[in-house]
Amino acid sequence: YTWVHNLDRAAWPEDVVGRTDFDILPPDEATRVAALKRSVMASGEAARAEVAATSPTGRRFYDLTAEPLR
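Residues numbered from 1 in each chain as written. Predicted model: local features only at pLDDT ≥ 70, side-chain atom pairs only at ≥ 80, totals over all residues. Heavy atoms only, no water.

### Some words on the side chain of glutamate 29
Within the secondary structure, glutamate 29 sits in helix α3 (residues 27-43). Among residues more than four places away in sequence, those in contact with glutamate 29 are Ala52, Ala53, Thr54 and Arg59. (Helix = DSSP H or I, 4+ residues; strand = E, 2+ residues; numbered from the N terminus. Contact = heavy atoms within 4.5 Å.)

Structure representation (structure tokens):
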């Protein structure tokens, strides 16, 4: 992560920035998010999905939009 918006209140940007999905999410959630991002990089097309993110404060669901930077 290089930037984060709408962060869980228990986390700080330094807890997320510089880390990967696999550093901050449970393996099943990280696998799904990473696959979505890989598909965006491979296709060059934006993708949107509802994703779960489990943190110390509980499980939340996010409307994730991944877009390629060109």
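### Here's the deal with the pattern of salt bridges
Here the structure, examined in full by the defined rule, presents three salt bridges. Note that aspartate 21 is salt-bridged to lysine 37, the shortest N-O span being 3.0 Å. Highlighted residues: aspartate 21 in helix α2 (residues 21-24) and lysine 37 in helix α3, separated in sequence by 16 residues. In this structure, glutamate 29 engages arginine 59 in a salt bridge whose closest nitrogen and oxygen atoms are separated by 3.4 Å. Of this pair, glutamate 29 sits in helix α3 while arginine 59 sits in strand β2 (residues 58-66), placing them 30 residues apart in sequence. Here glutamate 29 falls in the buried class, since its relative accessible area comes to 7%. (Salt bridge = Lys/Arg side-chain N within 4 Å of Asp/Glu carboxyl O. Buried < 20%, exposed > 50% of the residue type's maximum accessible area, 1.4 Å probe, protein only.)

### Let's talk about the environment of alanine 46
Examined against the element boundaries, alanine 46 turns out to sit in the loop between α3 and β1 (47-55). For the pair formed by alanine 46 and alanine 66, sequence separation is 20 residues and the distance between their alpha carbons is 5.6 Å. When sequence neighbours within four positions are dropped, the list of residues in contact with alanine 46 reads Val40, Ala66, Glu67 and Pro68.

### Side note on the pairing of β1
In this structure, β1 lies alongside β2, joined through nine bridges in antiparallel fashion. Across the sheet, the residue bridging to serine 55 is glycine 58, located in β2. (Pairing = 2+ DSSP bridges.)

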